[in-house]
Amino acid sequence: MYDVYSKHADDFINHEEILETLAYADENNNNLELIDALIKKAALRKGLSHREASVLLACQDEEQNQRIYKLAEQIKKDFYGNRIVMFAPLYLSNYCINGCTYCPYHMKNKHIARKKLSQEEIRNEVTALQDMGHKRLALEAGEDPVHNTMDYYLESIKTIYDIKHKNGAIRRVNINIAATTVDNYRLLKEAGIGTYILFQETYHKESYLKLHPTGPKHDYNYHTEAMDRAMEGGIDDVGLGVLFGLDKYRYEFAGLLMHAEHLEAAFGVGPHTISVPRLKQADDIDPNQFDNGIDDDTFAKLIACIRISVPYTGMIISTRENQETRERALRLGISQISGGSKTSVGGYYMPEPEDENSEQFDVSDTRTLDEVVKWLMEMDYIPSFCTACYREGRTGDRFMTLLKNGQIQNCCHPNALMTLKEYLMDYASPETKAIGDKLIAREALNVPNEKARAAVLENLRLIEQNNRRDFRF
Ligand code: SAM
């Protein structure tokens, strides 16, 4: 039975409720009166329920769809300004005992090069990432209780936080690893992780069981209830996601929003982020073998509908997508992107030899971080390397409250400008720096509060003189 408060996956992601939602959306996909009312409701910036949002996703009226896109753009601006948070994935190990049919790590894949980074190799990778200018990482690994133990993760996190190299430091480590126990989540929290990310892959239980035929990940309920355990273990920032292409996107969309509603109902705080990966070509994986791929227009509509349904949730897009798709997605709601990413185990410090492929998927956006930063600034976005919220304890419901009443802008905008200035001084090419300096000069004058503006200008002057201090708002 559908129950948003229940801790059982079958209740809060209830199959019948999703089917009824989709039927309701089909019945109303041309109900202009209802669609108009829903767009007006979304404009109040308090979000939409999975049922309401599903009607808008199903809507085929071009004029109404344009209104949805416009609203998504506006909500994105209102909540996140023109800042885009930057991060990079760091693949620790591709050892895996699961049988996921869409993932090259699957146990039966004998030609992928299996690798696991030693602590020394992690130091090399992180130093290379710091030399690019990264401050925020997402750790990634397959599931293997022998190779990829919790002790290994904890040691790796400590290694990463301890590395101080020139002006660089990784100040926020997020982690995307297999579902685990409450005790392990507690250990991850104590180790200082930012967000715990786990993609649901698909909310359709029957498909899930087929797509994950063997290994611990086969247990749909254990996987789907992972965020509940993470929150019980004290992690208050969790990141959801669906791997689009595995099942029908409208089913996934309703499931994703129901998951968000459940976390909000059960813990008082919804997901910190939602990721929107699409299935990609990879070693031993041909995306064409999966029937549910979505085209770029549908993908854009999905992003816009997520944006207006959960305005307070950050949205992430990776280098699975090319420049053009990312550009469109940024306008419609994405607030975090990766840049200069490698999906191989150990690819940052030294390129992989040609006969060794350990990658998780083919990257579509292969530009360097400098190129991505420059591209963003040319579109008037402020690439942000800020991690202050996390260090200031602005996580979970504290963060959400500030975001919901618009106060987060007062911290994020100044912090974004100052961390961008540091990036430009330390890592940018002369061309990128010239564009960035102009942008910062203009944006600094837009800091609304007079006192904050004076402080920002003073800090920017100090950074320019290479006189660093740990400013943060
Ligand atoms: N082992 C962890 C787990 O079980 O969730 C971490 C997963 S993996 C390092 C990160 C994500 O990559 C997966 O959750 C999956 O959604 C995605 N992925 C796997 N195969 C992919 C493919 N062929 N194309 C695009 N994304 C893929």
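Scroll up to find the structure this text is about.
Residues numbered from 1 in each chain as written. Predicted model: local features only at pLDDT ≥ 70, side-chain atom pairs only at ≥ 80, totals over all residues. Heavy atoms only, no water.

### Details of the site of the ligand
Surveying the vicinity of the ligand reveals 20 residues, the closest of which are Tyr102, Ala141, Glu201, Lys280 and Arg320. Within the contact set of the ligand, a nitrogen atom lies 2.9 Å away from a backbone nitrogen or oxygen of Lys280. At a separation of 3.2 Å, an oxygen atom of the ligand approaches a polar side-chain atom of Gln360. Here the shell around the ligand is built from residues that sort into eleven nonpolar, three polar and six charged. (Near = heavy atom within 4 Å. Polar contact = N/O pair within 3.5 Å; in protein donor to acceptor, adjacent residues only side chain to side chain. Nonpolar A, V, L, I, M, F, W, Y, C, P; charged D, E, K, R; others polar.)

### Examining the pattern of salt bridges
Overall, the coordinates contain 32 salt bridges when judged by the stated rule. In this structure, Lys189 engages Asp236 in a salt bridge whose closest nitrogen and oxygen atoms are separated by 3.9 Å. Of this pair, Lys189 sits in helix α8 (residues 182-190) while Asp236 sits in the loop between α11 (226-232) and β5 (238-241), placing them 47 residues apart in sequence. The exposure class assigned to Asp236 is partly exposed, which follows from its relative accessible area of 23%. Residues joined in a network through salt bridges with shared partners are Lys421, Lys433, Asp437 and Glu464. (Salt bridge = Lys/Arg side-chain N within 4 Å of Asp/Glu carboxyl O. Helix = DSSP H or I, 4+ residues; strand = E, 2+ residues; numbered from the N terminus. Buried < 20%, exposed > 50% of the residue type's maximum accessible area, 1.4 Å probe, protein only.)

### Some words on the nonpolar core
Counting residues in each nonpolar core, the largest one holds 138 residues, and the members touching the most others are Leu90, Leu188, Tyr196, Ile337 and Leu420. Once residues within four sequence positions are removed from consideration, Leu188 is found in contact with Met150, Leu154, Ile157, Ile175, Ile177, Ile193 and Ile235. (Core = buried A, V, L, I, M, F, W, Y, C linked by side-chain atoms within 4.5 Å. Contact = heavy atoms within 4.5 Å.)

### Some thoughts on the packing of aromatic side chains
This model, assessed by the stated rule, comprises five aromatic pairs. Pairing Tyr185 with Tyr196 gives two aromatic rings, centres 4.7 Å apart and planes at 65 degrees, and the pair type is edge-to-face. Of the two residues, Tyr185 sits in helix α8 while Tyr196 sits in strand β4 (residues 193-197), which places them eleven residues apart along the sequence. Its relative accessible area of 0% is what places Tyr196 among the buried residues. Grouping aromatic residues by their ring pairs yields a cluster made of Phe385, Tyr423 and Tyr427. Taking NZ or CZ as reference, Lys116 lies 4.3 Å from the ring centre of Tyr152, over its face. The positively charged end of Arg278 is found above the aromatic ring belonging to Phe299, 4.1 Å away from the centroid. (Phe/Tyr/Trp six-rings, centres within 6.5 Å; stacked < 30°, edge-to-face > 60°. Lys NZ or Arg CZ within 6 Å of the ring centre and 35° of its normal.)

### A short note on the state of the cysteines
Throughout the structure, instances matching the rule amount to zero disulfides. Distance from the sulfur of Cys96, which forms no disulfide, to the nearest cysteine sulfur (Cys100) is 5.8 Å. (Disulfide = S-S within 2.5 Å.)

### Concerning α8
Considered for burial, the residues of α8 that qualify are Val182, Asn184, Tyr185 and Leu188. The buried residues of α8 occupy one face: seen down the axis, they fall within an arc of 160 degrees. Set apart from the buried face of α8 by more than 90 degrees, the exposed residues are Asp183 and Glu190. Where α8 is buried, its residues contact α7 (150-162), β3 (172-176), β4 and α11. (Arc of directions from axis to C-beta.)

### Topic: unusual backbone geometry
Phi is positive for Arg45, close to 65 degrees, though the residue is something other than glycine. Note on placement: Arg45 falls in the loop between α3 (32-42) and α4 (50-58). Exposure remark for Arg45: the relative accessible area of 25% places this residue in the partly exposed category. For Asp380, which is not a glycine, the phi torsion comes out positive at approximately 70 degrees. The residue Asp380 is located in the loop between α15 (369-378) and β9 (382-384) in this model.

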